[in-house]
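What follows is each chain in one-letter form.
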Amino acid sequence: MKLKLNYKSLALCLTVYITSCYLGFAQQTASFPEYNYNPFIINPGYTGLLATGEATISNTGFSSFDGAPRNFNASLHVPISNGKMGLGGAIIRDEIGVTSSTNTFLAYSYKIKFDFKSDRPYWQNYEPGVLSFGITAGLLQYQENLLSLNIVDDIKFNENINSSIPTIGAGFLFNHSRFYVGLSVPNVFGTSLAQDRDALNLVFPVYGYLGYRVFNDRFKNFMFKPSIFIKHEKGAPILADFNASVSYQNKFEIGAGYRTNSSFNLLAGLYLLDNFRFIYHYNIATNNSPIGNIHGLILSVRFGNGYAL
């Protein structure tokens, strides 16, 4: 094999490339704040869950490592039919090394409400007692710029990959004042709907998560929220996040957690002018990861009364 770049650069590019293929790049794992504070991007069952709509944008990946993972997403979802259903849409852009993808989808949910009367903090405005089912339909644009690696005389690197993959996703969510649990599959059919599916080697995940809300009369202005997030992909080890956060009257919150064999997670959130929520998060890499530490920002806007009563 002839090389037109130095060995260090080649090793770096190949490492990023192989890692992206193995992990099923088309669906990068959502970060701690993203699936806790915008579950809509991984679970259509969350679509229109609350009494008012919510719009969110996030940007993750402020790493100095060339080719490190980067993610941008924008989403909007609203309740319809007196809250019995929900509609929404999102665009998710992922980049790592020479690989990139853009996933655009629309989502619909149907909810069955239960008349639970559990106590909850007077300042908390989530809606308890809902079993929600959701589906998505979208298109994933997937690219691998292999020619930029300048590797010659190797058939695996003699052309770029540019593929359009129709996606169908599904998920459910049960939300109660004390706890919530969800399960979702962002792409049920994998690459089987793509015209050039034989040239693709992508794996799509299954997500599961569970959270609990702890509050009492003595500390009625505070809420403690432990949660577990699990990602399963065929051929890859199960990834798990163990996280916890503390919030104060929907004014501010802090959190921390651990992602197995990957990173420690930290976050700080601030609620502004009732309708705006700003989250900063920081992932500290473990096991001497060459990618390094990663920063991220999330801005959410909730309509109507917002995050206040």
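Keep in mind it's a predicted model, so treat the numbers as computed, not measured. (Residues numbered from 1 in each chain as written. Predicted model: local features only at pLDDT ≥ 70, side-chain atom pairs only at ≥ 80, totals over all residues. Heavy atoms only, no water.)

Here we take up the overall build of the protein. Of the regular secondary structure elements, the protein holds two helices and 14 strands. Taking all contacts inside the protein whose residues are at least 6 apart in sequence as the whole, residues at least 24 apart take part in 58%. Of the roughly 15,200 Å² of accessible surface on the protein, 62% is carried by carbon and sulfur atoms. (Helix = DSSP H or I, 4+ residues; strand = E, 2+ residues; numbered from the N terminus. Contact = heavy atoms within 4.5 Å. Areas by Shrake-Rupley, 256 points an atom, 1.4 Å probe, with all protein chains shown as cover.)

This brings us to the pattern of salt bridges. Overall, the coordinates contain six salt bridges when judged by the stated rule. In this structure, arginine 302 and glutamate 54 form a salt bridge, with 3.2 Å as the shortest nitrogen-oxygen distance. Placement of arginine 302 in strand β14 (residues 294-302) and of glutamate 54 in strand β1 (residues 54-60) is noted, with a sequence separation of 248 residues between them. Neither residue differs from the other here; arginine 302 and glutamate 54 are each classed as buried. In this structure, arginine 259 engages aspartate 241 in a salt bridge whose closest nitrogen and oxygen atoms are separated by 2.7 Å. Of this pair, arginine 259 sits in strand β11 (residues 252-259) while aspartate 241 sits in strand β10 (residues 239-248), and the two are 18 residues apart along the sequence. (Salt bridge = Lys/Arg side-chain N within 4 Å of Asp/Glu carboxyl O. Buried < 20%, exposed > 50% of the residue type's maximum accessible area, 1.4 Å probe, protein only.)

As a further point, take the side chain of threonine 102. Considering the arrangement of structural elements, one finds threonine 102 in strand β4 (residues 99-113). A distance of 2.7 Å separates polar atoms of two side chains, one belonging to threonine 102 and the other to arginine 93. (Polar contact = N/O pair within 3.5 Å; in protein donor to acceptor, adjacent residues only side chain to side chain.)

This part covers the pairing of β4. In terms of strand pairing, strand β3 (residues 85-96) meets β4 through twelve bridges, oriented antiparallel. Bridge pairing links isoleucine 92 to asparagine 103 in β4. Looking at chain direction, β4 and strand β5 (residues 130-144) are connected through 15 bridges and run antiparallel. Its bridge partner being in β5, phenylalanine 105 is matched across the sheet by glycine 138. (Pairing = 2+ DSSP bridges.)

Evaluation of the coordinates by the stated rule reveals nine aromatic pairs. Arranged with centres 5.5 Å apart and planes meeting at 35°, the rings of tyrosine 207 and phenylalanine 229 form a pair that is tilted. Here tyrosine 207, found in strand β8 (residues 206-212), pairs with phenylalanine 229, found in strand β9 (residues 222-232); they are 22 residues apart in sequence, far enough to count as distant. Taking the relative accessible area as the measure of exposure, tyrosine 207 reaches 1% and is therefore buried. (Phe/Tyr/Trp six-rings, centres within 6.5 Å; stacked < 30°, edge-to-face > 60°.)

A word on the nonpolar core. Ranked by internal contacts, the top residues of the largest apolar core, which has 17 residues, are Phe40, Ile42, Tyr46, Phe105, Leu173, Tyr209 and Phe229. Of all the elements in the fold, those that place two or more residues in this core are β3, β4 and β8. (Core = buried A, V, L, I, M, F, W, Y, C linked by side-chain atoms within 4.5 Å.)

The two faces of a sheet get side chains in turn, since along a regular strand they alternate between them. Of the two faces of β14, the one holding Ile294, Gly296, Ile298, Ser300 and Arg302 is buried and the one holding His295, Leu297, Leu299 and Val301 is not buried anywhere. Where β1 and β14 come together, seven bridges link them in antiparallel fashion. What sits directly across from asparagine 59, in β14, is leucine 297. Examined bridge by bridge, strand β13 (residues 276-285) and β14 share eight bridges and lie antiparallel to one another. Along β14, the bridge assignment pairs phenylalanine 276 with valine 301.

Here we take up a nonpolar patch on the surface. On the surface, Ile57, Phe62, Phe72, Phe252, Leu270, Leu272, Leu273, Phe276, Phe278, Tyr280, Leu297 and Leu299 cluster together into a nonpolar patch covering about 1,100 Å² of accessible area. Broken down by secondary-structure element, the contributors of at least two residues to the nonpolar patch are β12 (263-272), β13 and β14. Broken down by element, the nonpolar patch gets its largest block of residues, three residues, from β13. Following the sequence through the fold, leucine 273 ends up in the loop between β12 and β13. (Patch = residues over 30% accessible without salt bridge, like charges linked within 9 Å, V, L, I, M, F, W, Y side chains within 5 Å.)

The next point concerns the environment of alanine 137. Note that alanine 137 resides in strand β5. Spatially, the C-alpha atom of alanine 137 lies 4.7 Å from that of isoleucine 168, the residues being 31 residues apart in sequence. Ignoring anything within four residues of it in the chain, the contact list for alanine 137 reads Thr104, Phe105, Leu106, Thr167 and Ile168.

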